[in-house]
Amino acid sequence: MVRKLYPPEIRGASVPIGEATEGTVENQSNIKVVVRVRPCLESSQDLIVSIPPAIPFPREVILEPKVGASQALRPRKATRFTFNRSFIEATQKDVFEYIGKELVDNVLKGFNSCVLAYGQTGSGKTYTMIGTDENPGLIPRVCNDVLNRVGQLEDTKYSMSLSFFEIYQENVYDLLHDNNQILKIREGRDHMPFVDRLTKHTVKSMEEVNDLLRLGVSNRTTASTRLNKQSSRSHSILTLDLEQERFEAAENMVVTTNSSIRLVDLAGSERIYETEDPASQRMKEGSHINKSLTTLGRVMKILVDNLGSHRKDPMLGVPYRESILTWLMKDNFGGNSKTTMVACVSPNDFEETLSTLRFAGLTSKIENNVKRNRKSHVDMDILIRRYQEEREELLSQLEKMSAAKIDQEKGAEGSERRLTKLENYIQWQDEYIDRVNFTNRVKLHHMQKSMAQQTEKNHELEWLALNLSSKASIEKLEDVCIEDDHGIQKLGALVKELHDLNILDPLYELERETMQGSAVKYAQSGSEDDNEIAF
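Residue numbers run consecutively from 1 along every chain, following the written order of its sequence. Only residues with pLDDT of at least 70 are given local features in this predicted model, and only at 80 or more are side-chain atom pairs given and counted; all residues enter the totals for whole chains, interfaces and linings. For side-chain calculations, the full set of non-hydrogen atoms in the structure is used, while hydrogens and water are omitted.

As recorded in an unreviewed UniProt entry, the chain goes by Kinesin-like protein and comes from Brettanomyces naardenensis. Check the Subcellular location (unreviewed entry) section of the UniProt entry for the chain; it says "Cytoplasm". UniProt positions are given in the numbering used here, feature names are shortened, and annotations may be inferred rather than shown by experiment.

Peer 1: Help me out: how do you make sense of the overall build of the chain in this one?
Peer 2: Helix and strand counts for the chain stand at 13 helices and 18 strands. Contact criterion: two residues are considered in contact whenever any of their non-hydrogen atoms come within 4.5 Å of each other. When contacts within the chain are restricted to residue pairs at least 6 apart in sequence, long-range pairs at least 24 apart make up 73% of them. Taken as a whole, the chain presents about 28,900 Å² of accessible surface, with 49% of it coming from carbon and sulfur. For the purposes of this entry, the term helix denotes a DSSP run of H or I that reaches at least four residues, the term strand denotes a run of E that reaches at least two, and both are numbered from the N terminus. Per-residue and other accessible areas were derived by the Shrake-Rupley procedure at a 1.4 Å probe size, with only the shown protein chains allowed to occlude residues.

Peer 1: For this particular structure, what's the right way to read the packing of helix 2 (residues 92–108) against helix 4 (residues 138–151)?
Peer 2: Where helix 2 meets helix 4, the axes come as close as 9 Å, and the angle between the chain directions of the two elements is 45 degrees. Classified by the angle their axes make, helix 2 and helix 4 are oblique. Taken as a pair, helix 2 and helix 4 cross one another with a handedness that is right-handed. Along the contact surface, helix 2 presents Q92, K93, V95, F96, I99, G100, K101, L103, V104, D105, V107 and L108, while helix 4 presents L138, R141, V142, D145, V146, R149 and V150. When grouped by side-chain class, the residues that make up the contact of helix 2 with helix 4 number eleven nonpolar, two polar and six charged. An axis is simply a line fitted to the C-alpha atoms; with a helix, the fit covers only the stretch in contact. Between two such axes, the angle follows the N-to-C directions and lies from 0 to 180 degrees. In these notes the angle categories are as follows: under 35 degrees is roughly parallel, over 145 is roughly antiparallel, 65 to 115 is roughly perpendicular, and the rest is oblique. Left-handed describes a crossing in which the near helix is turned anticlockwise from the far one by less than a right angle; the clockwise case is right-handed. Basically, the charged four are Asp, Glu, Lys and Arg, the nonpolar ten are Ala, Val, Leu, Ile, Met, Phe, Trp, Tyr, Cys and Pro, and anything else, Gly included, counts as polar.

Peer 1: Just checking my understanding: could you explain empty space enclosed by the protein for this structure?
Peer 2: Empty pockets left among the atoms are what a rolling probe the size of a water molecule brings to light. Put simply, the grid is 1 Å and covers the protein atoms alone, a cavity is a trapped set of points that fit a 1.4 Å probe, a pocket is an open set with protein on both sides within 12 Å along at least five of seven lines, and lining residues have an atom within 4 Å of a point. Grid points are joined across faces, edges and corners, and a volume is the space filled by probe spheres set on the points. Applying the stated rule across the entire model yields one cavity of 30 Å³ or more. Roughly 70 Å³ of internal volume is contained in the largest cavity. Forming the walls of the largest cavity are I167, Y168, Q169, E170, R233, S234, H235, A267, E285, H288, I289 and S292. Broken down by element, the residue count for the lining of the largest cavity peaks at four residues, all from helix 6 (residues 281–308).

Peer 1: Would you explain the pattern of salt bridges in this entry?
Peer 2: Should their charged atoms come close, side chains of opposite charge can pair. A side-chain nitrogen of Lys or Arg and a carboxyl oxygen of Asp or Glu constitute a salt bridge if their distance falls within 4 Å. Using the criterion set out here, one finds eleven salt bridges in the structure. Notably, a salt bridge pairs R321 with E187, separated by 3.0 Å at the nearest N-O pair. A residue pair is termed long-range when its members are at least 10 positions apart, and R321 in the loop between helix 6 and helix 7 (324–328) and E187 in strand 10 (residues 185–187) qualify at 134 residues. Given the relative accessible area of 61%, R321 is considered exposed. A residue is classified by how much of its surface remains accessible, and E187, at 37% relative accessible area, is partly exposed. Between D211 and R214 there is a salt bridge, with its nearest N and O atoms 2.7 Å apart. Here the residue D211 and the residue R214 both occupy positions in helix 5 (residues 206–219), the gap between them amounting to three residues, near one helical turn. Several salt bridges converge on common partners, so that one network encompasses D105, D145 and R149. Buried means the residue's accessible area, taken with a 1.4 Å probe over protein chains only, is under 20% of the maximum for its type, while exposed means over 50%, and partly exposed covers the values in between.

Peer 1: How should I be thinking about helix 4 in this particular structure?
Peer 2: Every α-helix carries 3.6 residues per turn, so stepping three or four residues along brings you back to the same face. In this scheme, a helix's expected span is set at 1.5 Å multiplied by one less than its residue total. Over its 14 residues, helix 4 extends 20 Å from the first C-alpha to the last, a length consistent with the 20 Å expected when each residue adds 1.5 Å. L138, I139, P140, V142, C143, D145, V146, L147 and V150 are the residues of helix 4 that are buried.

What follows is the structure in structure tokens.
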């Protein structure tokens, strides 16, 4: 039974709170943990999962078995857990408002983000992540929000790509490709793993995302088990890669940010004695699922222990490579990612629910080292000239090869292959030059604003120069500036700016020498900044 109720001390129950609060999250760099409780099945009457009301929102979860519960292996007291947020009878929109909005904010700022759904089989993980046509889950809502918000950004050029794969029996398969080929895991120069030959589709609208999502869900491996009529037999990982390019007026340079959102729907944990026949395919699938989830738990435990021991490298000795799942999610646990776990629980099994909540409490103690993924582009004009020169040279070579190709016999595959590479490279050059021209146009727009502001300043300087037409006026202004510690530097900078703009009359040189002599006299009197006086 699932119901909202107050803590035992409030509602007068005699059942004590057994264990201390688990999984309290304080540090913002820690992995966030959200618990979502699905409605209880009618056949289950042995367990109560309650969420006490709180302001501004509930964070606690109380788990207690009924007296004589058949599914509790041994007598237990009520157990209280505390997380970032707890949901009971929540809608898909409620979950998205709390998790998805912040997720989109992070990726637009250039941070890697991850949301994974964890829990026992049949607890609502796939419903939370994928949802239905009537009630879409986190994945379609997040994709839609990213496309809407990035399209509203001014002076920003962006590119968004989507990939979708599953881990089935410790093998990786591309869900957006129908060849059922096992993909290999490789390690890049940054020592981070990636899936080799995984297809990435550029998406520009929600219609394209929905088509790819339907294709991936239909290709995912599911089956009917004793505990779930449509059980996910694999871990699925959908990744959105977002590249943004904009001109930062404050820094006067073009900045590129590369960020990703990883949305993970884990397969549910299972008990061996509750699966099908030991020789069946479901039994083999369940053993691989439990192996990967057990390795994930070991990784979590070691990361928490390493943080407590104050090691210089907390990731040293962590067994990421023992499972494909933990190896591919290396950056999401203890790495560069803002990670959120949705712990889905179903109050149908006391031991499984208690295990899920304890696992979620352990996860909340892990700290990630999050940084913004950005790089700056300087000297864009030089880059354009270099690529244009290289493009002209490649075009001349292409003309020569095209002329030579007419005289060659059929079957000259080497020349055709080289010709194709040159054509592809030239196409890439054209796209890059277009992108750089876009950023230059944005930069020119901001420079024109700065020039307009400078023109207003010049008018003010001209008016000031007219009032500095006599030696007496200069001496009076000099006396005012000397009263300030940095006044003489301000006066010198002002005169230099007037001189650079050709506003001062040549007859003004006498007054300028007088000011310079006064400045030197002031500097010799004990100023520490005499080397900074500029005329």
